[in-house]
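Breakdown of the fold
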Amino acid sequence: MDIKNIVCSLNDKVRTPFYLYDEKVILENINRLNDVFCKKNFGVLYAMKANSNPYILKLVKNAEMGIDACSVEEVKIALICGFSPESIYYNADCLNSDEIDFAVERNVNLVIGSLDALYYLVKKHSGHELSLRLNSGIGAGHSSKVITNGELSKFGINFSDIPEAIRLCKNGGLKIVGIHSHTGSGEMGIASYVENANVMLDISLQFDSLRFINFGGGFGYDYKDHQEYDIDSLSENIRQLSSARGAKDNIRLIVEPGRYLVANTAILVSKVCSVKESSSRNFLGLDTGHNHFPRCFYYDAWHDIENISTLSNEMISYDITGYLCQSGDIFARQRLLPKTKVGDLICIKDVGAYGYSMSSNFNSRVRPGEYLVDTEDNFSMIRRPECFEDIISTFNLD
Ligand code: LLP
């Protein structure tokens, strides 16, 4: 999509800030994944925590992928969007009994990551099928905050507890049909993913009724240099390892990426509200903040930022800041941009994953709308912007 043309043609008709998605890129990502992973005994789940907009879920469903849902709410959204219960894998942390009951009643696939949840299932839902989330010890990620295996990780059942988990399930009439392990998120190299897969294939031999092994998501996206994540080598490595291990043909090999499908599919368009220039530092203040796009604040993440309003050749180094009452509300430090003025449109790029889905109402600000350019270049709203009434709708003013 030609961002400049499309955003400029909107002519201020859409209030900034707003998310703008490109359907063509979403479909390219989906098709690429399907080409590589939907062969033979591979299967793909979309980790909808990355972006749960129903329009995107519809494209995922059309491509016959399943869903990794990490909350009851995500399960409900997936059901509303037409996913069958069998295609939804419910993999939440710290499950409570109501949540387990809900998942059992709705007949979605259960992924269980603690012995405590197993004790409850034995007591209340004997005869049920489930898969186990395991902590293989092999963790990786773009930040320590997104590593999900290893000693410091709260997720999964440790390998040392596998015999107890198997014993509990056997005695309690629960059938273990799958195992799952997710190393973490956003690592660009594939070595940890492959190592984890190898260990999981090894451990799978301890289970006798497996229908699938889920190796998790976490495929990297290179926000700065835009190198490709090598899903061809990844799938080939898993294929080779699984045949070398003699994994049975009827065991499905599942991957569950989120970011890979959507990271590069959206921009956040905002307007410059203030320009402060001094001899030491120049600040651009936008009409958005980490309440709308928190990745820079949370992880010091790099995102390309462009001024799409100006043709000036004079380049200036700016700190690009949000509008929140928090000094850390900074999208980028010392970025070279053309000389910018109040009213210019700035876009933050590659915000499709963990952008809107991690947004909040901090400072009692409303969330922005989400819009999409489809494959025929039609522009439409795929989620309305919030309004003040949304903010106060939960108040009890009595
Ligand atoms: N499966 C499980 C069990 C997960 O916990 C996650 C992500 C995924 C799959 C999908 O990972 P992906 O392919 O999207 O990397 N907010 C962070 C990312 C947190 C990821 C949490 N779990 C960020 O903006 O980088």
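Note on numbering: residues in each chain are counted from 1, in written sequence order. In keeping with the model being predicted, local features are shown solely for residues with a pLDDT of at least 70 and side-chain atom pairs are shown and tallied solely at 80 or more, while totals for entire chains, interfaces and linings include all residues. Excluded from the side-chain calculations are hydrogens and water; all other atoms, namely the structure's heavy atoms, are used.

**Description of the side chain of H182**
Each helix is a run of DSSP H or I of at least 4 residues and each strand a run of E of at least 2, with the numbering of both proceeding from the N terminus. For H182, the position within the fold is in the loop between β8 (175-180) and α8 (191-204). Look at H182 and you get buried, because its relative accessible area is 16%. Under this definition, polar contacts are N or O atom pairs within 3.5 Å; protein pairs additionally need one hydrogen-donor-capable and one acceptor-capable atom, and for neighbouring residues in sequence, both atoms have to be side-chain atoms. At 3.0 Å, the side chain of H182 and the backbone nitrogen of G217 are in polar contact. We call two residues in contact when some of their heavy atoms are within 4.5 Å. When neighbours within four sequence positions are excluded, H182 is seen to be in contact with R133, T148, N149, N196, F215, G216, G217 and G218. Exposure categories follow from relative accessible area, calculated using a 1.4 Å probe and restricted to protein chains: below 20% of the type maximum is buried, above 50% is exposed, and the middle band is partly exposed.

**Points about the UniProt feature "domain: Orn/DAP/Arg decarboxylase 2 N-terminal" (unreviewed entry) in the protein**
UniProt positions are given in the numbering used here, feature names are shortened, and annotations may be inferred rather than shown by experiment. When the UniProt feature table is mapped to this numbering, "domain: Orn/DAP/Arg decarboxylase 2 N-terminal" (unreviewed entry) covers residues 29-263. Annotated as residues 29-263, this span is 38% helix and 17% strand, and its ends, taken at the C-alpha atoms, are 10 Å apart.

**Details of the UniProt feature "domain: Orn/DAP/Arg decarboxylase 2 C-terminal" (unreviewed entry) in the protein**
The residues that UniProt annotates with the feature "domain: Orn/DAP/Arg decarboxylase 2 C-terminal" (unreviewed entry) are residues 18-352. Across residues 18-352, helical content stands at 30% and strand content at 25%; the span's end C-alpha atoms are separated by 12 Å.

**Let's talk about the site of the ligand**
Note on terminology: near, applied to a residue and a molecule or strand, indicates that one of the residue's heavy atoms is within 4 Å of it. By nearness alone, 22 residues border the ligand, and H142, S185, R295, Y299 and Y354 come closest of all. Here E256 contributes a side-chain N or O atom positioned 2.8 Å from a nitrogen atom of the ligand. Applying the majority rule of atoms within 2 Å of the grid points places the ligand in the largest pocket. Counted by class, the shell around the ligand contains seven nonpolar, nine polar and six charged residues. Cavity: a set of points on a 1 Å grid over the protein atoms alone where a 1.4 Å probe fits but cannot get out. Pocket: an open set with protein on both sides within 12 Å along at least five of seven lines, its lining residues, like those of a cavity, having an atom within 4 Å of a point. For a molecule to be placed in a cavity or pocket, more than half of its atoms must lie within 2 Å of the grid points of that cavity or pocket. For this classification, Asp, Glu, Lys and Arg are treated as charged, while Ala, Val, Leu, Ile, Met, Phe, Trp, Tyr, Cys and Pro are nonpolar and the rest, including Gly, are polar.

**Points about the packing of aromatic side chains**
Any Phe, Tyr or Trp ring, taking Trp's six-membered ring, that has another such ring centre within 6.5 Å forms a pair; planes under 30 degrees apart are called stacked, those over 60 apart edge-to-face, and the others tilted. Counting across every chain of the model gives 13 aromatic pairs. Feature note: the residues F37, F42, Y193, F219, Y229 and Y260 constitute an aromatic cluster, connected by ring pairs. We note R335 situated over the ring of W302; from NZ or CZ to the ring centre the distance is 3.4 Å. In our convention, an over-ring charge means Lys NZ or Arg CZ found within 6 Å of a ring centre and within 35 degrees of that ring's normal.

**Looking at the nonpolar core**
For the purposes of this section, nonpolar cores are sets of buried Ala, Val, Leu, Ile, Met, Phe, Trp, Tyr and Cys residues that join through side-chain atoms within 4.5 Å. In this structure, F37, Y46, L118, L130 and F219 are the most contacted members of the largest nonpolar core, which totals 106 residues. Counting residues per element, this core draws most heavily on α8, at six residues. Beyond its immediate stretch of four places on either side in the chain, F37 contacts F42, G43, V44, F219, I231, L234, S235 and V255. Among the nonpolar cores identified, the runner-up in size contains 14 residues, and V7, V14, F18 and L345 belong to it.

**Quick notes on the pattern of salt bridges**
Here a salt bridge means any side-chain nitrogen of Lys or Arg lying within 4 Å of a carboxyl oxygen belonging to Asp or Glu. Following the criterion strictly, the structure yields 15 salt bridges and no others. Between E129 and R211 there is a salt bridge, with the nearest N and O atoms lying 2.7 Å from each other. Placement of E129 in strand β6 (residues 129-135) and of R211 in the loop between α8 and β9 (212-214) is noted, with a sequence separation of 82 residues between them. Overall, E129 belongs to the partly exposed group, its relative accessible area being 32%.

**So, the state of the cysteines**
A pair of sulfur atoms, both from cysteines and within 2.5 Å, is called a disulfide here. Tallied over the full model, the rule gives zero disulfides. C70 provides the cysteine sulfur closest to C81, a residue in no disulfide bond, and the two sulfurs are 15 Å apart. As a non-bridged cysteine, C296 has C347 as the owner of its nearest cysteine sulfur, 13 Å distant.

**Remarks on helix α5 (residues 97-106)**
Where α5 is concerned, the buried positions are I100, D101, F102, A103 and V104. The inward-facing, buried residues of α5 abut α4 (72-80), β4 (88-90), β5 (109-112) and α6 (115-124). Residue N96 occupies the N-cap position of α5, its side-chain oxygen lying 3.1 Å from the main-chain nitrogen of D98. The positive-phi residue at the C-terminal boundary of α5 is N107, with phi of around 65°.

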